[in-house]
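So the chains spell out like this:
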2 protein chains.
Amino acid sequence: MDHRIVGELRAIVGMHAVLTAAESLRTYETDGLNAYRTRPGVVVLPETTEQVQAIVQLCHRERIPFVARGSGTGLSGGAVPVADGVLIGLARMNRILDLDVANGRIVVQPGVINLDVSRRVAGTGLFYAPDPSSQQVCTIGGNVAENSGGAHCLKYGFTVNHVLGVKLVLPSGDLVTLGGATLQHPGYDLLGVVVGAEGTLGVVVEVTLRLVRLPEAIQMVMAAFATTDDAGAAVSAIIAEGILPAAIEMMDHFAIVATDDAVHAGYPRDAGALLLVELDGAPIEVAHEVEEVAAICRAHGASELRIAATAEERARFWKGRKAALPAMGRLSPGYYVQDGVVPRSALPTVLRRIAALSAEAGLRVANVFHAGDGNVHPLVLFDPAVPGETERATELAGQILLACIAAGGSITGEHGVGLDKKAYLPKMFTDADLDTMARLRCALDPASLSNPGKVFPTPRLCGERPGPYRPHPLVEAGLAELF
Amino acid sequence: MDHRIVGELRAIVGMHAVLTAAESLRTYETDGLNAYRTRPGVVVLPETTEQVQAIVQLCHRERIPFVARGSGTGLSGGAVPVADGVLIGLARMNRILDLDVANGRIVVQPGVINLDVSRRVAGTGLFYAPDPSSQQVCTIGGNVAENSGGAHCLKYGFTVNHVLGVKLVLPSGDLVTLGGATLQHPGYDLLGVVVGAEGTLGVVVEVTLRLVRLPEAIQMVMAAFATTDDAGAAVSAIIAEGILPAAIEMMDHFAIVATDDAVHAGYPRDAGALLLVELDGAPIEVAHEVEEVAAICRAHGASELRIAATAEERARFWKGRKAALPAMGRLSPGYYVQDGVVPRSALPTVLRRIAALSAEAGLRVANVFHAGDGNVHPLVLFDPAVPGETERATELAGQILLACIAAGGSITGEHGVGLDKKAYLPKMFTDADLDTMARLRCALDPASLSNPGKVFPTPRLCGERPGPYRPHPLVEAGLAELF
């Protein structure tokens, strides 16, 4: 990175908040997916909105691409830097700015850790609902960028359902406010676009979150089935009955045994599929729903039913589920976490298709997922040391996505598109659909500086029409260059 | 309207679906607010998506502004035509295209009447939740444009919470799909922008709606209070207790007496304020919550409490509330329905401020509103025959909006901005905020053809920066003209 730029960045954030040494930059090369690595030109660690604005204004003036990131736990390569670009690390923007218990609102900086929001309001009877599995380390800013989900999104919704407003530094460096404390806002509601835009529309520097009331009672049903078909049918029947559990998680036989081996969760090891159904709400309602869920599971052939009424018992039921990833790590030197969505009613079909694809590829696949949302998370096991196996795993993971699309689903449930899935976007959208998105991007970031190369498959110069490449009038006139 | 254009429109939709006679055009001059009147150049009544596309493509080619509308029940002038422009009436696009009871989804054309959605699914245990007071006549397309609310939005949310996807004809005539049946979509989620964009981003031609389960039990509490302060405090206390009623409606003394005079609802006529609290859900839960709500109302000084357990009793409780507008019509030759939002906790303050403004202006104001949402609907009574009174009423209605903004609220809860409130937008947003919205508009509608002159205060030519007028480079080069 140019010394003059580094000097300007140091003038903005101070000497020690600008990193240029190779060993410091290495930390920021990749994300939780760990499949893509790029070394940034410089890392800058702002503490205030004004510093972020100044950094972005500098990048805008000098046409330097920038990527903002939090803890880097993402699983789609969304926070991977641009070579020679600026990496804006937001970990130091970790202050809680305001708490309004009466109206159930909290204002935080983007570097605040997800779980710290609930910790901050402990004792008020409120909590922050979206709970990605990485919630002990991931940041609210990253959650906003990826519209993160979690096991309890079935009932509580995704990050977008809990963000009331943001302050956003646009790629031009201008600061805008989207949404806010009031429920309804006139004009265009751009908040829902920015949540899940994966950092391509600017840098979120302040987030107003909705807090919800802690449920009075929580209980959990564990049910073992002979097949994933039976478990899938039980899931559909529970929802059809009008019950909305806080979470419905499913594990297949391979996942049951692997996690039980790893953490001795006491799961029924001979089951073909396991459902964990968590119910919360008023005590009288929860007690009634537990009975209903148990009856539905029995009617769908559940061979074993257990009910957790205390927090300790629930923690034991969750133990194996939460240990799924480390359990795979014990069994295989490498694994790939895929993330796709299908309509709930298509779960049995898609699970059978995944099994067939796994057999064809000769690679093991474990299924541990948010069944209530139809959000599958196949874990594709492979050995990077075996020549060709990484490629076969990537190919298999891609085939699974195509199966999700064929079933009327989506290529991502909660991990985002990032670098990893951008090639699949045209499988879900028409040229006109993608062009409409590109128009918005170009309207706010004409030079494509904010997290460039992510989400969209073939970066087009702004104003360029879909179809075969034609030189852009602005390029021909020497007024712009293809970035 | 040019004969050639009329001929082309007839070729698209057929001879009888193009209206040009003055008496036919008159029907389309205004909307439910009835404060703005413009005669369109021509009215065209398409039946299919392809016809809408062809009409919009023609408008785009010829640079003719167009306005799409449904039943025209809006209360902000949003569907008022452009002089000499094309008015696209969508009433004939009233088919239900698909119903998927298992997944709780229905696909409709925009001209379907709101209540017809619930009628179509009667017997399935499902219904369509958003219920604007005009739901017997207003269309889903209009609801999408205005992001309509209703009495039950407190629990169920606004239209935006119930639209899973739309097909949109862009101002260019291109057809795009936003959202869809799957909960999560990659890329930019533009659906939330289009819902509530008041027709400025194109014409919605197909809508996928979410259906929700009919509650098993419904009960209602009516509570009379001495003052709106007491009633307002009870509202906050109910929510703080963790109870989420389906609706909380409030009426002040003037509204109680006026509606009781009109429809003999049997309301306590000496009350200073009346609360109607509707609770729905599982029977056991509703019974419990009714007791809790009654206890809270008593604790806040309720002088009279009645509980409606049957549908007939509930209908009687609702009767006066639903007759509020005709009741004002009996008392005054003219009235203005204002629509603002304040944080729930600010209700008492804002209601006192409205009373003071009413006294200052010497104009009667009745308050009948969605108290749970903080969505006030002051009805400003005036006599258009008295010189200057219409202007004073408009001024008073505007002062009320400023009071809502000052209390941290919004200039519209559910009626939209349209023509009526666009001058107030800069009171809520910075130049950078409005410029960001304008960039999106310009990206999708550079010639400002789709419902021009609505929502945004001072139409700018696309690319123009905020601030004093400067000629635009494209205009100077003769490549564009200020529309």
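Given the structure is predicted, the values throughout are model-derived calculations rather than measurements.

Enquirer: Please explain unusual backbone geometry as it appears in this structure.
Expert: Generally, phi is negative for residues other than glycine and the peptide bonds are trans, each holding for most cases. All names here are of chain A. Notably, Arg-63 is not glycine yet its phi reads approximately 55°, a positive angle. Residue placement: Arg-63 occurs in the loop between helix H3 (49-62) and strand E3 (66-69). Among the residues examined, Arg-63 registers a relative accessible area of 42% and is labelled partly exposed.

Enquirer: Looking at this structure, I do not really get the environment of Leu357(B). What am I missing?
Expert: Residue and element names in this part refer to chain B. On the secondary structure map, Leu-357 appears in helix H13 (residues 347-361). The class of Leu-357 is buried, set by a relative accessible area of 4%. Expressed as a C-alpha distance, the spacing of Leu-357 and Ile-400, which sit 43 residues apart in the sequence, is 7.7 Å. Not counting residues up to four positions away in its chain, the partners in contact with Leu-357 are Leu-396, Gln-399 and Ile-400.

Enquirer: How do you make sense of the relation of the copies chain B and chain A when you look at a structure like this?
Expert: Turning one copy of the chain about an axis and sliding it along that axis gives the other copy, so a rotation and a shift relate them. Each copy of the sequence occupies a distinct position, and chain B is placed on chain A by a rotation of 180° and an axial shift of 0.0 Å, giving an RMSD of 0.0 Å. One copy is carried onto the other by what is essentially a two-fold rotation axis. Looking at chain B, 100% of its interface residues are interface residues in chain A too, so the copies touch through the same face.

Enquirer: What am I meant to see in the side chain of Gln135(B) here?
Expert: Here Gln135(B) shows up in the loop between strand E7 (126-127) and helix H5 (140-146). With residues up to four places along the chain from it excluded, the contact list for Gln135(B) reads Ile113(B), Asn114(B), Leu115(B) and Pro130(B).

Enquirer: How do you make sense of the interface of chain B and chain A when you look at a structure like this?
Expert: Accessible area lost during the coming together of the parts is what is often quoted as the interface size. Of the residues lining the interface, 53 residues belong to chain B; the matching set on chain A comes to 53 residues. For the pairing of chain B and chain A, the buried interface totals around 4,400 Å² over both sides, and the portion due to carbon and sulfur atoms is 61%. A per-residue breakdown of the area chain B buries against chain A is headed by Gln184(B), Pro186(B) and Tyr188(B), which together make up 19% of the total. Connecting chain B to chain A are zero salt bridges.

Enquirer: Explanation requested: the sheet that holds strand E1 (residues 18-19) of chain B in the structure shown.
Expert: Within a sheet, adjacent strands bond to each other through the backbone by hydrogen bonds, running parallel or antiparallel. Residue and element names in this part refer to chain B. The sheet built from four strands is open, its strands ordered E1-E2-E4-E3 with mixed pairing. Unpaired on one side and paired on the other, E1 and strand E3 (66-69) mark the two borders of the sheet. By the bridge criterion, three bridges tie strand E2 (residues 42-44) to strand E4 (residues 86-89) in an arrangement that is parallel. Within the sheet, the bridge partner assigned to Val-43 lies in E4 and is Leu-87.

Enquirer: Quick question: what am I supposed to make of helix H9 (residues 253-263) of chain B here?
Expert: Count 3.6 residues to each turn of an α-helix, and residues three or four apart come out pointing the same way. Residue and element names in this part refer to chain B. Taken together, the buried positions of H9 are occupied by Ala-255, Ile-256, Ala-258, Thr-259 and Asp-260. Structurally, H9 contributes buried residues whose contacts are with strand E13 (247-252), strand E14 (273-281), helix H11 (311-322), helix H12 (324-331) and strand E18 (365-370). His-264, located one to two residues past H9, shows a positive phi value of around 50°.

Enquirer: Mind showing me how you'd approach the sheet that holds strand E8 (residues 163-169) of chain B here?
Expert: Residues and elements named next belong to chain B. A sheet is described by the order of its strands in space; here five strands give the open sequence E5-E6-E10-E8-E9, paired in antiparallel fashion. Both outer strands of the open sheet, strand E5 (96-100) and strand E9 (175-179), are each paired with one neighbouring strand and no more. Neighbour-to-neighbour, the strand axes of the sheet open up by a mean angle of 10°, direction not taken into account. Two elements, E8 and E9, share five bridges in a ladder whose sense is antiparallel. Bridge pairing in E9 links Gly-165 to Gly-179.

Enquirer: Looking at this structure, how should I read the pairing of strand E6 (residues 105-108) of chain A?
Expert: Where a strand is regular, its side chains alternate between the two sheet faces. All names here are of chain A. Because side chains alternate across E6, one face comprises the buried residues Arg-105 and Val-107, and the other comprises Ile-106 and Val-108, equally buried. Two elements, strand E5 (residues 96-100) and E6, share four bridges in a ladder whose sense is antiparallel. In the sheet register, Asp-100 faces E6, and the bridge partner there is Arg-105. In this structure, the hairpin formed by E5 and E6 is closed by a connection of four residues, where Gly-104 is found at a positive phi of approximately 65°. Relative to strand E10 (residues 203-210), E6 is paired through four bridges, and the arrangement is antiparallel.

Enquirer: Any chance you could explain the confidence of the model for chain A here in plain terms?
Expert: Should the pLDDT be low somewhere, the predicted coordinates at that spot are not to be read in detail. Residues and elements named next belong to chain A. With 95% of its residues at a pLDDT of 70 or more, chain A has an overall mean of 92. Every residue in residues 466-483 is under pLDDT 50, and counting partners more than four places away or in other chains gives 23 contacts. Across the whole predicted complex the pTM is 0.91, and at the interface the ipTM reaches 0.88.

Enquirer: Even after reading the chapter, I still don't get the domain arrangement of chain A, so can you show me in this structure?
Expert: Residues and elements named next belong to chain A. Considered domain by domain, chain A is made up of domain 1 (3-89), domain 2 (96-213), domain 3 (217-325), domain 4 (334-418) and domain 5 (429-476). Taken together, the contact pairs ten residues of domain 2 with eight residues of domain 5. Summed over both partners, the interface of domain 2 with domain 5 comes to about 770 Å²; 69% of that surface belongs to carbon and sulfur atoms. Of all residues in domain 2, the largest losses of buried area upon contact with domain 5 belong to Pro-171, Thr-200 and Leu-201, amounting jointly to 57% of the total for that side. Applying the counting rule to domain 2 against domain 5 returns zero salt bridges. Along the lines of polarity and charge, the residues of the side of domain 2 that touches domain 5 split into six nonpolar, three polar and one charged.

Enquirer: Looking at this structure, how should I read the packing of aromatic side chains?
Expert: Given two aromatic rings, one states the distance between the centres and the angle between the planes to describe the pair. Scanning all chains against the criterion turns up four aromatic pairs over all chains. Arranged with centres 5.7 Å apart and planes meeting at 85°, the rings of Phe127(A) and Tyr156(A) form a pair that is edge-to-face. Note that Phe127(A) is positioned in strand E7 (residues 126-127) and Tyr156(A) in helix H6 (residues 153-156), a separation of 29 residues in sequence. Judged by its relative accessible area of 16%, Phe127(A) falls in the buried class. Residue Tyr156(A) is classed as buried on the basis of its relative accessible area, which comes to 17%. Consider the rings of Tyr188(A) and Phe456(B), whose centres lie 5.0 Å apart with planes at 70°: the pair is edge-to-face. Note that Tyr188(A) is positioned in the loop between strand E9 (175-179) and helix H7 (191-194) and Phe456(B) in the loop between helix H16 (431-444) and helix H17 (473-476), a pairing that runs across two chains. A residue is classified by how much of its surface remains accessible, and Phe456(B), at 12% relative accessible area, is buried. Over the ring of Trp318(A) we find Lys322(A); its NZ or CZ atom is 5.3 Å from the centre of that ring.

About the cut-offs
- Residues numbered from 1 in each chain as written.
- Chains lettered and ligands numbered in written order.
- Predicted model: local features only at pLDDT ≥ 70, side-chain atom pairs only at ≥ 80, totals over all residues.
- Heavy atoms only, no water.
- Helix = DSSP H or I, 4+ residues; strand = E, 2+ residues; numbered from the N terminus.
- Buried < 20%, exposed > 50% of the residue type's maximum accessible area, 1.4 Å probe, protein only.
- Contact = heavy atoms within 4.5 Å.
- Least-squares fit on C-alpha atoms with pLDDT ≥ 70 in both.
- Buried area = accessible area lost by both parts, 1.4 Å probe.
- Salt bridge = Lys/Arg side-chain N within 4 Å of Asp/Glu carboxyl O.
- Pairing = 2+ DSSP bridges.
- Axes fitted to C-alpha atoms, helices over the stretch in contact; angles between N-to-C directions.
- pLDDT = per-residue confidence, 0-100.
- Domains from an automatic or database assignment.
- Nonpolar A, V, L, I, M, F, W, Y, C, P; charged D, E, K, R; others polar.
- Phe/Tyr/Trp six-rings, centres within 6.5 Å; stacked < 30°, edge-to-face > 60°.
- Lys NZ or Arg CZ within 6 Å of the ring centre and 35° of its normal.

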